[in-house]
Amino acid sequence: TYHDIGMIWGGRLLSPTGIFADENSDAANGREISRHLIFLTDGQTATLDLSYGTYGVEPLDERRWRDGPGGSGSSYSLTETVENRFAFACEEVKKKNITVWVIAFGTDLNPIMTACAGEGHYFAAADADELSATFATIAEQLGELRVTR
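Let me begin by describing the structure that accompanies this report.

**Some points on the state of the cysteines**
Part 1: By the definition in use, this model includes one disulfide.
Part 2: Two residues share a disulfide in this structure: Cys-90 and Cys-116, whose sulfurs sit 1.9 Å from each other. Residues Cys-90 and Cys-116 are joined by a disulfide whose S-S torsion is about 90°; by sign, that bridge is right-handed. Placement of the pair is Cys-90 in helix α3 (residues 78-95) and Cys-116 in helix α4 (residues 111-117), with a sequence separation of 26 residues.

Structure follows, in structure tokens:
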């Protein structure tokens, strides 16, 4: 799972200054908007440098990461690169006044995920019942929850 791209796109979709800014103003009908991003994952960071991904084939295209002998490559592994980008993207999302919630479904939370969400904003759900209960818990913590199109 490449968590970085999910966090980047989640932030882009919700940002009041991003590519969808026209639909994400800071206020509607004179009321302040509260934004929440629920990051749901069913896997740990699991990279494979020979797979074709969002940025092409990593060692060939070198858009996100470079592997190489003799110090010409990255000082981080591809997995570390993805996790560092996830952590950075998460902090940037939160700077846009977006609350981040993390749910690990059928997998364990890792320190990158829990640090991203912060205390009380991360959950692990082993099955559909636990997942449903997790969403109910999040909904209870959101005041005046309103979903719009």
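**Details of the pairing of strand β7 (residues 122-125)**
Part 1: A one-sided burial pattern is seen for β7, the buried positions being Phe-123 and Ala-125 and the unburied ones Tyr-122 and Ala-124.
Part 2: Of the pairings in the sheet, the one linking strand β6 (residues 98-105) to β7 comprises four bridges and is parallel in character. By the bridge assignment, Ala-104 is partnered in β7 with Ala-124.
Part 3: Crossover connection from β6 via α4 to parallel β7: handedness right-handed.

**Quick word on the nonpolar core**
Part 1: Core analysis: the largest hydrophobic core is formed by 13 residues, its most contacted members being Met-7, Leu-37, Phe-39, Val-93, Val-100, Val-102 and Cys-116.
Part 2: If you list the elements that add at least two residues to this core, you get β3 (35-41), α3, β6 and α4.
Part 3: Core analysis: the next-biggest nonpolar cluster, separate from the first, contains seven residues, Phe-123, Ala-125, Ile-138 and Leu-142 among them.

**Side note on the layout of surface pockets**
Part 1: Roughly 190 Å³ of internal volume is contained in the second largest pocket.
Part 2: Around the second largest pocket, the lining residues are Met-7, Ile-8, Gly-11, Arg-12, Ser-15, Thr-17, Gly-18, Phe-88, Ala-89, Glu-92, Val-93 and Lys-96.
Part 3: For the lining of the second largest pocket, the residue count by class is five nonpolar, four polar and three charged.

**Looking at a nonpolar patch on the surface**
Part 1: A cluster of nonpolar side chains, Trp-9, Leu-13, Ile-19 and Phe-20, forms an exposed patch at the surface whose accessible area comes to about 390 Å².
Part 2: On the basis of relative accessibility, which here comes to 38%, the residue Trp-9 falls in the partly exposed class.

**Considerations on helix α1 (residues 3-14)**
Part 1: If you check α1, its first and last C-alpha atoms are 17 Å apart, about what twelve residues at 1.5 Å a residue would give, namely 16 Å.
Part 2: Looking at α1, one finds that the buried residues are His-3, Asp-4, Ile-5, Met-7, Gly-10 and Gly-11.
Part 3: Buried residues in α1 make contact with β3, α3, β6 and α4.

**Remarks on the side chain of Glu-83**
Part 1: Structurally, the position occupied by Glu-83 is in helix α3.
Part 2: Of note is the side chain of Glu-83, whose polar atom sits 3.2 Å from the side chain of Thr-45.
Part 3: Ignoring anything within four residues of it in the chain, the contact list for Glu-83 reads Thr-45, Asn-110 and Ile-112.

**Some remarks on the sheet that holds β7**
Part 1: Spatial strand order, β3-β6-β7: three strands in an open sheet with parallel pairing. Of all the strands in the sheet, just β3 and β7 have a single pairing partner and so form its edges. Within this sheet the neighbouring strands show an average axis-to-axis angle of 20°, counted without direction.
Part 2: One ladder, built from seven bridges, connects β3 with β6; its direction is parallel. Opposite Phe-39, over in β6, you have Val-102 as the bridge partner.

So, how was this worked out
- Residues numbered from 1 in each chain as written.
- Predicted model: local features only at pLDDT ≥ 70, side-chain atom pairs only at ≥ 80, totals over all residues.
- Heavy atoms only, no water.
- Disulfide = S-S within 2.5 Å.
- Helix = DSSP H or I, 4+ residues; strand = E, 2+ residues; numbered from the N terminus.
- Buried < 20%, exposed > 50% of the residue type's maximum accessible area, 1.4 Å probe, protein only.
- Pairing = 2+ DSSP bridges.
- Right-handed = clockwise from strand over helix to strand, strands pointing away.
- Core = buried A, V, L, I, M, F, W, Y, C linked by side-chain atoms within 4.5 Å.
- 1 Å grid on protein atoms, 1.4 Å probe; cavity = no way out; pocket = protein on both sides within 12 Å on 5 of 7 lines; lining within 4 Å.
- Points joined across faces, edges and corners; volume = space filled by probe spheres on them.
- Nonpolar A, V, L, I, M, F, W, Y, C, P; charged D, E, K, R; others polar.
- Patch = residues over 30% accessible without salt bridge, like charges linked within 9 Å, V, L, I, M, F, W, Y side chains within 5 Å.
- Areas by Shrake-Rupley, 256 points an atom, 1.4 Å probe, with all protein chains shown as cover.
- Salt bridge = Lys/Arg side-chain N within 4 Å of Asp/Glu carboxyl O.
- Expected span 1.5 Å × (residues − 1).
- Contact = heavy atoms within 4.5 Å.
- Polar contact = N/O pair within 3.5 Å; in protein donor to acceptor, adjacent residues only side chain to side chain.
- Axes fitted to C-alpha atoms, helices over the stretch in contact; angles between N-to-C directions.

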